[in-house]
Amino acid sequence: DGGITQSPKYLFRKEGQNVTLSCEQNLNHDAMYWYRQDPGQGLRLIYYSQIVNDFQKGDIAEGYSVSREKKESFPLTVTSAQKNPTAFYLCASSIVATGELFFGEGSRLTVL
Amino acid sequence: QKEVEQDPGPLSVPEGAIVSLNCTYSNSAFQYFMWYRQYSRKGPELLMYTYSSGNKEDGRFTAQVDKSSKYISLFIRDSQPSDSATYLCAPGGDSGNTPLVFGKGTRLSVIA
């Protein structure tokens, strides 16, 4: 089945540690996105990538990093510089120019 | 003024009620208007997609866009407990390659 796979679903991290969230899609979409969701805050864009080897910062990129070495993959690293990393992280993909996003099931990160 | 404003609720209605969910937006260049539904601890899924002004109906759901007043609505007829979720409006498409902008989402509970 075509779709977006995020892993892990739940992740616990100690303060000061970097952690990488995986996102893989087999929809052959060119664009991929990372959003963060906090209670009452809606979806806030962290990074997005329109094509391989290129990505742009979203509204809240500080403390995060991404790479786009393959069309199918767009991993997100939450670095120790991110002050409030506990959140629900959502990866999405789209066919560029239509804007319709397809989401993964999310990864919930908790910093202990 | 924020780009997309959405009343976060929560909104609680009895089963069978008509539900009206609304958003306003500030960017007059938006061309696509989407509504996503998100169940608890899941990724959002596309519910309705509308291009430009007008109405679109799909079963019990009707999406309405008024570009002149920058107002987006989603109506749910004969609401069911299974409609209990968070509904996110998302306008986009001002350049074709700009990511969707999400409202904060309205949490809806339909009580049997």
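1. Some remarks on the overall build of chain B
Moving on, step 1. Summing up its helical and strand segments, chain B has 0 helices and 10 strands in all.
Moving on, step 2. In summary, chain B has a C-alpha radius of gyration of 13 Å against a globular reference of 13 Å for 112 residues, a match within 12%.
Moving on, step 3. In terms of overall dimensions, chain B has a C-alpha envelope of 45 × 30 × 25 Å along the principal axes.
Moving on, step 4. In chain B, buried positions account for 46% of the 112 residues.
Moving on, step 5. Sequence separation of 24 or more characterises 55% of the internal contacts of chain B that already satisfy a separation of 6 or more.
Moving on, step 6. Carbon and sulfur atoms form 46% of the exposed surface of chain B, whose accessible area is close to 5200 Å².
Moving on, step 7. Treating the 11 positive side-chain charges of chain B as one cloud and the 11 negative ones as another, the clouds have centres 5 Å apart.

2. Here we look at the packing of aromatic side chains
Moving on, step 1. Applying the stated criterion across every chain yields a total of 13 aromatic pairs over all chains.
Moving on, step 2. Where B:Tyr32 meets B:Tyr49, the ring centres are 5.8 Å apart and the plane angle is 50 degrees; that geometry is what we call tilted. Here B:Tyr32, found in strand β4 (residues 32–38), pairs with B:Tyr49, found in strand β5 (residues 45–51); they are 17 residues apart in sequence, far enough to count as distant.
Moving on, step 3. Members of the aromatic cluster, each reached through a chain of ring pairs, are A:Tyr33, A:Tyr35, A:Tyr48, A:Phe103, B:Tyr36 and B:Phe102.

Parameters at a glance
- Residues numbered from 1 in each chain as written.
- Chains lettered and ligands numbered in written order.
- Predicted model: local features only at pLDDT ≥ 70, side-chain atom pairs only at ≥ 80, totals over all residues.
- Heavy atoms only, no water.
- Helix = DSSP H or I, 4+ residues; strand = E, 2+ residues; numbered from the N terminus.
- Rg over C-alpha atoms; globule rule 2.2 N^0.38 Å.
- Buried < 20%, exposed > 50% of the residue type's maximum accessible area, 1.4 Å probe, protein only.
- Contact = heavy atoms within 4.5 Å.
- Areas by Shrake-Rupley, 256 points an atom, 1.4 Å probe, with all protein chains shown as cover.
- Lys, Arg positive; Asp, Glu negative; His and termini not counted.
- Charge placed at Lys NZ, Arg CZ, Asp CG, Glu CD.
- Phe/Tyr/Trp six-rings, centres within 6.5 Å; stacked < 30°, edge-to-face > 60°.

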